[in-house]
Amino acid sequence: MLSARMTAPPIPFGRTECADAARATVAAGLTWQACVTLLHAPHPYVGAVAALLIVEATVVRTVAAATRYAAGCVLGVAVAVPAALYVEPGTAGLALVVFASVVLSRHEFLGHHGLHLPTTALITYALVRGRHPAELADHLAEIVLGLAFGLACSALLLPAVRVRSAERALERLRTLLAHHLDGLADSVTGRGRPREVLGPAWRHELDIAVAQARTAVEEAHESVRWNVRPTARRHRRHLDRRVLRALADVEEQVCATGRLLDERPAVGRVGARSQGAPRADGFAQPYARLLRTTALCVYDCRGQVRPHPALPAARHAVARLGRPGCDPPVARAEDRHLLRHLDAALTCLTTSAPAPPRPSARRHRAFGSLRPTQRR
């Protein structure tokens, strides 16, 4: 008899998902109670559904969802009322309402909330055609209350601040870039091609890390917009888009360097020969040291005002190594391409540092009495 080891299934939700569900539950409950109290509606499911459907993870997304939901409802009413009042027979009016509402619901602005346009149009057409304007007014009032409570609960009940996930994604990207730069340095010193040192899918890993970091940073910036929590108002320099842009540009240069080393294995190798000419000894070791120095600068790229202390020295060393008549000489065009990619990566890291703040021109009052005054 075979015995299978029981493993716990992965939990499909986390703290963020539970918080979103709690906000939606509170919004739907408050809407239901408000509709019962204010509108005397026995079963105000329409308002509760509206509040439930617009609550999103961030305040910005909730506002966008509420706008699309409201636009769909308004367009549905605008399409159905004239058809119910002026189109005869009723079957022709119904066909016109269905056709027009379905066509308008496909607009990209409405998104998946376009479904509410034909739904609202059909309900409005039935109520206006059956001479029930009071029920239509209650229906629309429930929707308005649902949207209001959904917006209030999303904005006031501890809205999410998605900063930790962005920090983890950027940290993973920095670590991968530094690791791959060290691997390229090992490849240059003769330990094999980059695909042999780093693996065949190392460029794909970098592309995935950049995409994940870009998504996480955009979500973090979106989560702090219109957020009333005090933690959302802190300035986080390490989540600046300038840092992500610099790391993405460095990733492009690293991939270009690895591609060059993979396609031309003689490039950057100690004692290698190319096209029958002896390799210029002495280039591989300083170039490998510069790659490892760049790895340190990449791992330290966190948006600080002052970059890594080794960054200016590395740029100076690259410029000196690529200068004509340098020692050791750079004899081959491939080596100059390597230096060009490395210099571009160091330039990207330099531009990631924000400009230092300007000193305030306003002097402190405590030193006002120390200013020289004119003698009478």
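Residues numbered from 1 in each chain as written. Predicted model: local features only at pLDDT ≥ 70, side-chain atom pairs only at ≥ 80, totals over all residues. Heavy atoms only, no water.

Colleague: Just checking my understanding: could you explain the confidence of the model for the protein for this structure?
Modeller: Low pLDDT means the predicted coordinates in that region are not meant to be read closely. The predicted model of the protein has a mean per-residue pLDDT of 80, with 79% of residues at 70 or higher. Between residues 1-12, whose pLDDT stays under 50, and residues either more than four places distant or in other chains, the model counts 0 contacts. This model gives residues 359-373 a pLDDT under 50, and the stretch forms 1 contact once residues within four places in sequence are excluded. (pLDDT = per-residue confidence, 0-100. Contact = heavy atoms within 4.5 Å.)

Colleague: I'm lost on the packing of aromatic side chains in this one. Help?
Modeller: How two aromatic rings sit relative to each other is set out by the distance from centre to centre and by the angle between their planes. In the structure shown here, the tally under the stated rule is 0 aromatic pairs. Over the ring of tryptophan 226 we find arginine 225; its NZ or CZ atom is 5.2 Å from the centre of that ring. (Phe/Tyr/Trp six-rings, centres within 6.5 Å; stacked < 30°, edge-to-face > 60°. Lys NZ or Arg CZ within 6 Å of the ring centre and 35° of its normal.)

Colleague: I'm lost on the packing of helix H3 (residues 59-86) against helix H5 (residues 116-129) in this one. Help?
Modeller: The geometry of a pair of packed helices is captured by two quantities: the angle between their axes and the separation between those axes. Axis separation between H3 and H5 bottoms out at 7 Å; the angle between their running directions is 35°. Pair H3 / H5 crosses with right-handed handedness. Contact with H3, carried on its side by Tyr69, Gly72, Cys73, Leu75, Gly76, Val77, Ala80, Val81, Ala83, Ala84 and Leu85, involves His116, Leu117, Thr120, Ala121, Thr124, Tyr125, Val128 and Arg129 of H5 and no other residues of that element. Of the residues that constitute the contact of H3 with H5, the class distribution is 13 nonpolar, 5 polar and 1 charged. (Axes fitted to C-alpha atoms, helices over the stretch in contact; angles between N-to-C directions. Helix = DSSP H or I, 4+ residues; strand = E, 2+ residues; numbered from the N terminus. Left-handed = near helix turned anticlockwise from the far one by under 90°. Nonpolar A, V, L, I, M, F, W, Y, C, P; charged D, E, K, R; others polar.)

Colleague: How should I be thinking about the packing of helix H11 (residues 284-299) against helix H13 (residues 333-351) in this particular structure?
Modeller: Where H11 contacts H13, the two axes come as close as 11 Å, and the packing angle between them is 20°. Here H11 is positioned roughly parallel relative to H13, judged by the angle of their axes. Handedness of the crossing formed by H11 with H13: left-handed. Side by side, H11 and H13 meet where Tyr287, Leu290, Leu291, Thr294, Cys297 and Val298 of the first sit next to Leu338, Leu339, Leu342, Leu346 and Leu349 of the second. For the contact of H11 with H13, a count of residues per class yields 10 nonpolar, 1 polar and no charged. (Parallel < 35°, antiparallel > 145°, perpendicular 65-115°, else oblique.)

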